[in-house]
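# Structural characterization, general
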Amino acid sequence: MKQNELRQRLEQGNLRWQRRQDSQAELRRETAEKGQRPYAIVVACSDSRVIPEQIFDAGLGELFVIRVAGNVLDRHQLGSIEYAAGHLHSRLILVLGHTGCGAVSAALSGGGDGFIQYITDEILLAVGQERDPLRACEKNVEHAVEILKREFSEHPEIPTEELEIRGAVYDIAEGEVRWL
Ligand SMILES: [Zn+2]
């Protein structure tokens, strides 16, 4: 497909979105007017098969989603989470890894080049000597959960006793989310 065809595909998709006359269109108007109140924060991988809103059957305004390859955390992600928990009053943070994660595989096979290395280094830090892909994925999620618990256990703007921080792994074939 040529580049202008790709752009057209995006434009046509957006037109369909604008023209929708269903519950999502209603929600669009409602959340634009009244603001967002996402009930959960989801840290997920950028993998195109891992779309939290679809996985959790959620609509506009329900999930505050941070997506980055390998669902790793750095300061930008922590800032986003702090905003949602502190200002939008989301009370659940979920770190969602997934089966067949390319970032985890890249880390296990020695790490990536260029900017990718920032991601694979973080994953390697999390997985240590583990080389089983699924267990490595779980350890990567557990590592992010530990960081969140450390950073948000005593926070002046977040009622930490009300905040739940959890990890899970999404099966890209079955669609199941397995909570850790
Ligand atoms: Zn992934």
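The written sequence of each chain sets the order in which its residues are numbered from 1. Where totals are concerned, whole chains, interfaces and linings use all residues; where local detail is concerned, this predicted model gives features only for residues with pLDDT of at least 70, and gives and counts side-chain atom pairs only at 80 or more.

### Let's talk about the overall build of the chain
- Of regular secondary structure, the chain possesses 7 helices and 5 strands.
- Ordering the α and β elements of the chain from the N terminus gives α-α-β-α-β-α-β-α-α-α-β-β.
- If one aligns the C-alpha atoms of the chain with their principal axes, the spans along those axes are about 50 × 50 × 30 Å.
- Within the chain, the proportion of its 180 residues that are buried is 31%.
- A residue pair is marked as a contact if its C-beta atoms, positioned from the backbone, fall within 7 Å. In the chain, the proportion of contacts linking residues at least 24 apart, taken out of those at least 6 apart, comes to 63%. In DSSP terms, a helix is any run of H or I states spanning at least four residues, a strand is any run of E spanning at least two, and both are numbered starting from the N terminus. Remark: C-beta atoms are placed from the backbone, and a residue is labelled buried if 20 or more other C-beta atoms sit within 10 Å of its own, exposed if 12 or fewer do, or partly exposed between those counts.

### Comments concerning the domain arrangement of the chain
- The domain architecture assigned to the chain consists of domain 1 (1-35) and domain 2 (36-179).
- In this complex, domain 1 contributes 5 residues to the contact, which on the side of domain 2 involves 5 residues.
- The residue inventory of the side of domain 1 that touches domain 2, partitioned by class, reads 1 nonpolar, 3 polar and 1 charged. Each domain's extent is set by a domain assignment, obtained either automatically or from a database. Each residue gets one label: Ala, Val, Leu, Ile, Met, Phe, Trp, Tyr, Cys and Pro are nonpolar, Asp, Glu, Lys and Arg are charged, and the others, such as Gly, are polar.

### Some remarks on helix α4 (residues 75-87)
- A helix is expected to reach a length of 1.5 Å times the quantity of its residues less one. Taking 1.5 Å per residue, 13 residues should reach 18 Å; α4 reaches 17 Å between its end C-alpha atoms and fits that length.
- Among the residues of α4, I81, A84 and A85 are the ones counted as buried. Buried residues of α4, seen end-on, are gathered within an arc of 90° and therefore sit on one face of the element. Facing away from the buried side of α4 by over 90 degrees, the exposed positions are R75, H76, G79 and H87.
- As for α4, its buried residues are in contact with β1 (40-44), β2 (63-67), β3 (92-98) and α7 (133-152).
- Just downstream of α4 lies H89, where phi reads positive at about 65°. As used here, the arc is the angular range of directions from the helix axis to the C-beta atoms.

### Describing the environment of G35
- Along the polypeptide, G35 turns up in the loop between α2 (23-34) and β1.
- By the C-beta count within 10 Å, which is 9 here, G35 ends up exposed.
- Separated by 52 residues in the primary sequence, G35 and H87 place their C-alpha atoms 12 Å from one another.

### Notes on the environment of R67
- With respect to the element layout, R67 can be found in strand β2.
- Accessibility expressed as a C-beta count within 10 Å gives 16 for R67, which makes it partly exposed.
- Placed 16 residues apart in sequence, R67 and I51 show a C-alpha to C-alpha distance of 9.1 Å.
- With sequence-adjacent residues up to four places away left out, R67 is seen in contact with A44, C45 and S46.

### Some words on the sheet that holds β1
- Pairing between strands is defined by DSSP: at least two bridges between the two strands are required. The sheet built from 5 strands is open, its strands ordered β2-β1-β3-β4-β5 with mixed pairing. Either end of the sheet is taken by a strand with one partner, and the two such strands are β2 and β5 (177-179). For this sheet, the mean inter-axis angle between neighbouring strands, taken without regard to orientation, is 25°.
- Across 5 bridges, the pairing between β1 and β2 is parallel. Bridging across to β2, I41 finds its partner in F64.
- A fitted line through C-alpha atoms represents every axis, and for helices the fit uses only the stretch in contact; the resulting angles, taken between N-to-C directions, go from 0 to 180 degrees. Sheet strands in contact with α7 are β1, β3 and β4 (164-170), and its direction is about 165° off that of β4.

### Considerations on the pairing of β1
- Taken across its 5 residues, β1 has 4 buried, putting it largely inside the fold.
- Pairing of β1 with β3 involves 5 bridges; the strand directions are parallel. What sits directly across from V42, in β3, is L94.

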